Amino acid sequence: YQRLVLASRPRGEVQESDFRMETVAVPELRDGEVLVRNHYLSLDPYMRGRMSAAKSYAASQALDETMIGGTAGQVVASRHPRFVEGDFVAGMLGWAEMGVADGGQLRKVDTSQIPLSAYLGAVGMPGMTAWFGMNQILQAKAGETVCVSAASGAVGSAVGQLAKLRGCRAVGVAGGKEKCDYVVKELGFDACVDYKAGNLEADLAAAAPNGIDAIFENVGGAVFDAALARTNAFARVALCGLIAGYNGQELPIRNARLLLLNRITLRGFIVTEHMEFWPQGLAELGQLVAQGKLKYRETVAQGLASAPQAFKGLLQGHNFGKQLVKLI
Ligand code: NDP
């Protein structure tokens with residue numbers, strides 16, 4: 001089968017040549033192991049951090065090894081008592097058409113009411129990220145205004161919908177009219193500001209007439225600053241991502257004084273460090289998706305060879321909703 005390995009560490013923007021395609025033999029299974037054919041690979045912003053050698057909350061991706069990545073697929077062969085051929089599973093088999101995992105590292109998923117791909121998005125890690133930030137950090141109350149950046153994306157789209165379900169005013173920030181229209185008309189946010197239109201601060205002031213009580217930050221830089229400028233006293237910030245800086249850009253906070261003046265609580269978090277919440281969160285997200293109360297959108301690239309280009313695009317906002325690669 002085919003796999004993509006990390007060939008070199010990018011400086012600044014990711015290049016397709018940072019990856020290399022290899023053909024590898026299917027290994028023999030040992031006791032407890034499962035062979036999986038991956039149907040979907042998830043592309044996620046955190047992968048940019050893993051490609052770098054800089055110190056972070058997780059170890060760097062090793063060179064010449066299969067790129068890390070979440071996958072959803074079907075069991076081909078199993079030597080683990082919990083799995084049989086044909087089971088649908090989610091796991092971390094990386095940028096590869098197939099792979100072997102310990103059964104303990106795989107999650108069996110039910111595709112009768114929820115499509116397989118959603119287990120990489122709304123009912124997977126990105127959905128859990130929205131759920132954790134909203135329920136464990138922001139804890140926004142009915143009537144409060146929640147502002148979320150990268151609002152049309154995998155995480156942001158869920159954040160705003162969860163905010164609406166809590167009775168909040170949901171305000172998104174996204175790049176371009178098409179994404180903003182989708183966020184308001186399809187996802188039901190109260191407003192969405194196009195940060196590329198050139199009037200970010202004024203547009204956000206109009207979108208949040210009562211100020212902002214909770215910020216779910218995915219971007220950083222000017223987008224974060226504009227939200228800070230509208231905060232009310234005792235606002236909370238769930239600092240989830242800083243994608244505007246993932247290629248090495250500086251992200252100064254010009255409105256830092258408002259952190260003090262508005263007595264703001266800011267908490268950064270990494271969702272995979274809170275696995276104890278996942279069973280509850282995923283169950284709730286799964287119900288919402290099955291009931292049609294949590295909508296999502298996907299951008300699907302075809303074939304493993306398209307993954308490097310699609311990943312580059314993700315860091316430039318070319319995706320619209322959850323970025324996936326369809327492998328078969
Ligand atoms: P998205 O589906 O939101 O895709 C990324 C989006 O970010 C792009 O579509 C683009 O949207 C926006 N973007 C990219 N570059 C910039 C830029 N320079 N300025 C402003 N916006 C930009 O990805 P995810 O939903 O998977 O992730 C969203 C954020 O959440 C990321 O920062 C990610 O790192 C973080 N995250 C954090 C986790 C945690 O545990 N802390 C877990 C999962 C995700 P647009 O066109 O609107 O600009």
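Residues numbered from 1 in each chain as written. Predicted model: local features only at pLDDT ≥ 70, side-chain atom pairs only at ≥ 80, totals over all residues.

Our next topic: the sheet that holds strand β13 (residues 265–268). Strands sit in the order β10-β9-β8-β11-β12-β13 across an open sheet of six strands; the sheet is parallel. Pairing within the sheet leaves two strands with one partner each, and these edge strands are β10 (191–194) and β13. Sheet twist, expressed as the average angle between the axes of neighbouring strands with direction ignored, equals 15°. Pairing geometry for strand β9 (residues 169–174) and β10, over four bridges, is parallel. Within the sheet, the bridge partner assigned to Val-173 lies in β10 and is Val-193. (Pairing = 2+ DSSP bridges. Helix = DSSP H or I, 4+ residues; strand = E, 2+ residues; numbered from the N terminus. Axes fitted to C-alpha atoms, helices over the stretch in contact; angles between N-to-C directions.)

Turning our attention to the packing of helix α2 (residues 125–138) against helix α3 (residues 154–165). One can describe the packing of α2 onto α3 by two numbers: an axis separation of 8 Å at closest approach and a directional angle of 45°. Our classification of the angle between α2 and α3 gives oblique. Remark: the crossing between α2 and α3 carries right-handed chirality. In this structure, α2 contributes Pro-126, Gly-127, Thr-129, Ala-130, Trp-131, Gly-133 and Met-134 to the contact, and α3 contributes Ala-154, Val-155, Ala-158, Val-159, Leu-162 and Ala-163. Across the contact of α2 with α3, the residue classes tally to ten nonpolar, three polar and no charged. (Parallel < 35°, antiparallel > 145°, perpendicular 65-115°, else oblique. Left-handed = near helix turned anticlockwise from the far one by under 90°. Contact = placed C-beta atoms within 7 Å. Nonpolar A, V, L, I, M, F, W, Y, C, P; charged D, E, K, R; others polar.)

Taken as a whole, the chain is organised into domain 1 (2–121 + 297–326) and domain 2 (125–272). Between domain 1 and domain 2, the C-alpha centre-to-centre distance is 28 Å. Residue-level contacts link 13 residues of domain 1 with 15 residues of domain 2. Within the side of domain 1 that touches domain 2, the residues separate by chemical class into four nonpolar, six polar and three charged. (Domains from an automatic or database assignment.)

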